[in-house]
Amino acid sequence: MAIKVLIVEDNPVARSFLCRVVRESFSDAIVITEAGDLESARRQVGPVDPKGNEATADTFKLVLVDLELPDGNGMELLTELVRYPATKIVTTLYSDDDHLFPALQCGADGYLLKEDRFEVLVEELQKIVRGQPPLSPAIARRLLSHFRQGPGGMGALAGLGEPALLNGSGFQSSRPLPLGRGAPLDHERLTPRESEVLTYLSKGFTIKEIANLMGIKWFTVNDHIKSIYKKLNVSSRAEAAVLASKHGLV
């Protein structure tokens, strides 16, 4: 089954460039849909359930969003898609804090600069398969500088609502309640497939390795992991492994 990708970019040259990047990044069959503005993007995505859409064969698995579009800002779309089951990556020319941190607050799972070299963008997108957030080198350095600024810098990041980008999973758009804070567990509702994925995660297998072992697409593994994190109220594979061991789930 082909993986559906949506690229929201008004510049035809940049859009063509990003299409090449996506096709080079993944070995799976890819079907790319292009949108030049917010209206077209919304039309392609279709109705979005505020409570969260179920992932289906017609669901986009990856969405690349430019921030400056003819009919608005890409952050509007990110906000609307916060519970949409796709990995959402900002692709832009802006590397400043005024664009970076609001985009993360709006639910971006990664942030790439279109000015980066082709091979750099391919390498960053491939991180999705390894469960890592795609970040341009300049953006990664900017985030690190905030962490190193002490309490003030940490405060700036804490104001982001702790997006998944910062917890290393690269999958969720918002962080579930941490363990030990009274969050009710829902592990009894794990499906057999989710339990199998959790077992492999606990043993240290990568997303791509799990996909090969189970004979499914890595984006499907992605969907299972999002569901596992939500049901276990965790935000990283380490937390999931500890909880699974504690409760005898693996």
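Above this text is the structure in question.
Just so we're clear, the structure is a prediction, and the values are computed from it rather than from any experiment.

(A) Structural detail: the overall build of the protein. When you go through the protein residue by residue, the secondary structure sums to 11 helices and seven strands. Sequence-distant contacts in the protein: of pairs separated by 6 or more residues, those separated by 24 or more amount to 69%.

(B) Examining the pairing of strand E3 (residues 62–65) more closely. Residues of E3 alternate between two faces, with Leu-62 and Leu-64 on one and Val-63 and Val-65 on the opposite face, all of them buried. As paired strands, strand E1 (residues 3–8) and E3 are joined by four bridges and run parallel to one another. Across the sheet, the residue bridging to Val-5 is Leu-62, located in E3. Alignment of E3 against strand E6 (residues 87–92), held across four bridges, turns out to be parallel. Across the sheet, Leu-64 pairs through a bridge with Ile-89, a residue of E6.

(C) Quick peek at helix H9 (residues 207–214). If you check which residues of H9 are buried, you get Ile-207, Ile-210, Ala-211 and Met-214. In an axial view of H9, the angular spread of the buried residues amounts to 100°, which keeps them on one side of the axis. Of the surrounding secondary structure, the elements contacted by the buried residues of H9 are helix H8 (192–202), helix H10 (218–232) and helix H11 (237–246). Count one or two residues on from H9 and you reach Gly-215, which has phi positive near 70°.

(D) Inspection of the packing of aromatic side chains at higher detail. Under the counting rule described, the total for this entry stands at two aromatic pairs. Each ring, one from Phe-17 and one from Phe-118, has its centre 6.0 Å from the other, and the planes form 65°; the classification is edge-to-face. Remark: Phe-118 occurs in helix H5 (residues 118–125) and Phe-17 occurs in helix H1 (residues 12–25); sequence separation between them is 101 residues. Seen in terms of ring centroids, Tyr-200 and Phe-205 are 5.5 Å apart; in terms of plane orientation they differ by 85°. Their pairing is edge-to-face. One residue, Lys-4, lies across the ring of Phe-60, its end atom 4.6 Å from the ring centre.

(E) Structural detail: the nonpolar core. Formed by 40 residues in total, the largest nonpolar core has its most connected members in Val-22, Phe-26 and Trp-218. Take this core: its biggest share by element is seven residues, from H10. Ignoring anything within four residues of it in the chain, the contact list for Phe-26 reads Leu-62, Leu-125, Gln-126, Ile-128, Val-129 and Trp-218. Ranked by size, the runner-up nonpolar core spans 29 residues in total, among them Met-75, Ala-103, Ala-108 and Tyr-111.

(F) Representation of H11 in the model. Those residues of H11 that fall on the buried side of the exposure criterion are Ala-240, Ala-241, Leu-243 and Ala-244. Lining the buried residues of H11 we find H8 and H10.

(G) Spatial organisation of the pattern of salt bridges. Taken as a whole and judged by the stated rule, the model has 14 salt bridges. Among the ionic pairs, Arg-42 bridges to Glu-80, the shortest N-O distance being 2.8 Å. In this pair, Arg-42 sits in helix H2 (residues 38–45) while Glu-80 sits in helix H3 (residues 74–80), placing the two residues 38 residues apart along the sequence. Assessed through its relative accessible area of 31%, Arg-42 is described here as partly exposed. Residue classification places Glu-80 among the partly exposed residues on the basis of a relative accessible area of 36%. Residue Lys-127 is joined to Glu-124 by a salt bridge in which the shortest nitrogen-to-oxygen separation is 3.1 Å.

(H) Expanded view of the environment of Gln-105. Assignment of secondary structure puts Gln-105 in helix H4 (residues 97–105). Considering only alpha carbons, one finds Gln-105 and Leu-78, 27 residues apart in sequence, at a separation of 9.3 Å.

(I) Spotlight on the packing of H9 against H10. Direction vectors running N to C along H9 and H10 enclose 105°, while the axes themselves pass 8 Å from each other. Comparing the axis directions of H9 and H10 gives the class roughly perpendicular. For the pair H9 and H10, contact is made by Ile-207, Ile-210 and Ala-211 and by Trp-218, Val-221 and Ile-225, respectively. Considered class by class, the residues forming the contact of H9 with H10 number six nonpolar, no polar and no charged.

What counts, and at which threshold
- Residues numbered from 1 in each chain as written.
- Predicted model: local features only at pLDDT ≥ 70, side-chain atom pairs only at ≥ 80, totals over all residues.
- Heavy atoms only, no water.
- Helix = DSSP H or I, 4+ residues; strand = E, 2+ residues; numbered from the N terminus.
- Contact = heavy atoms within 4.5 Å.
- Buried < 20%, exposed > 50% of the residue type's maximum accessible area, 1.4 Å probe, protein only.
- Pairing = 2+ DSSP bridges.
- Arc of directions from axis to C-beta.
- Phe/Tyr/Trp six-rings, centres within 6.5 Å; stacked < 30°, edge-to-face > 60°.
- Lys NZ or Arg CZ within 6 Å of the ring centre and 35° of its normal.
- Core = buried A, V, L, I, M, F, W, Y, C linked by side-chain atoms within 4.5 Å.
- Salt bridge = Lys/Arg side-chain N within 4 Å of Asp/Glu carboxyl O.
- Axes fitted to C-alpha atoms, helices over the stretch in contact; angles between N-to-C directions.
- Parallel < 35°, antiparallel > 145°, perpendicular 65-115°, else oblique.
- Nonpolar A, V, L, I, M, F, W, Y, C, P; charged D, E, K, R; others polar.

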